[in-house]
Amino acid sequence: MKAKVIFLLHLFGLDVLLLGLIEKLLLGLSKRVAAWKDAAISSLNRCKTATDDSENCV
C-alpha cells in the first residue's frame, strides 16, 4: 500500500512538491527555535545582571 502511494505521488510529481513543503516547514521551525534560544539567553542574562546588581547593594 505504501509503495502504491509513493508511486502515485511520483507519477503526478507531488513527491517533489511534498518534499519542498517539508523543507520550508523545517526551515521555518529552525528559525523559530533559534529565536526562542536567543530569547532564553537574553532572559538569563537579564536575570544574572539583576542578581549581580542586588548582591552588590548589600
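Above this note sits the structure.
Fair warning: this is a prediction, and the values are worked out from it, not measured in the lab.

**A look at the overall build of the chain**
Here is step 1 of the chain: Within the chain one finds two helices and zero strands.
Here is step 2 of the chain: Whereas a compact globule of 58 residues would reach a radius of gyration of roughly 10 Å, the chain reaches 23 Å, over 25% beyond that.
Here is step 3 of the chain: Along the longest, intermediate and shortest principal axes, the C-alpha atoms of the chain span 75 × 20 × 5 Å.
Here is step 4 of the chain: The buried share among the 58 residues of the chain stands at 0%.
Here is step 5 of the chain: About 5,500 Å² of surface is accessible on the chain, with carbon and sulfur atoms providing 71% of the total.
Here is step 6 of the chain: Taking the average place of the 8 positive charges on the side chains of the chain and the average place of its 6 negative ones, the gap between the two points comes to 14 Å.

Quick notes on the rules
- Residues numbered from 1 in each chain as written.
- Predicted model: local features only at pLDDT ≥ 70, side-chain atom pairs only at ≥ 80, totals over all residues.
- Heavy atoms only, no water.
- Helix = DSSP H or I, 4+ residues; strand = E, 2+ residues; numbered from the N terminus.
- Rg over C-alpha atoms; globule rule 2.2 N^0.38 Å.
- Buried < 20%, exposed > 50% of the residue type's maximum accessible area, 1.4 Å probe, protein only.
- Areas by Shrake-Rupley, 256 points an atom, 1.4 Å probe, with all protein chains shown as cover.
- Lys, Arg positive; Asp, Glu negative; His and termini not counted.
- Charge placed at Lys NZ, Arg CZ, Asp CG, Glu CD.

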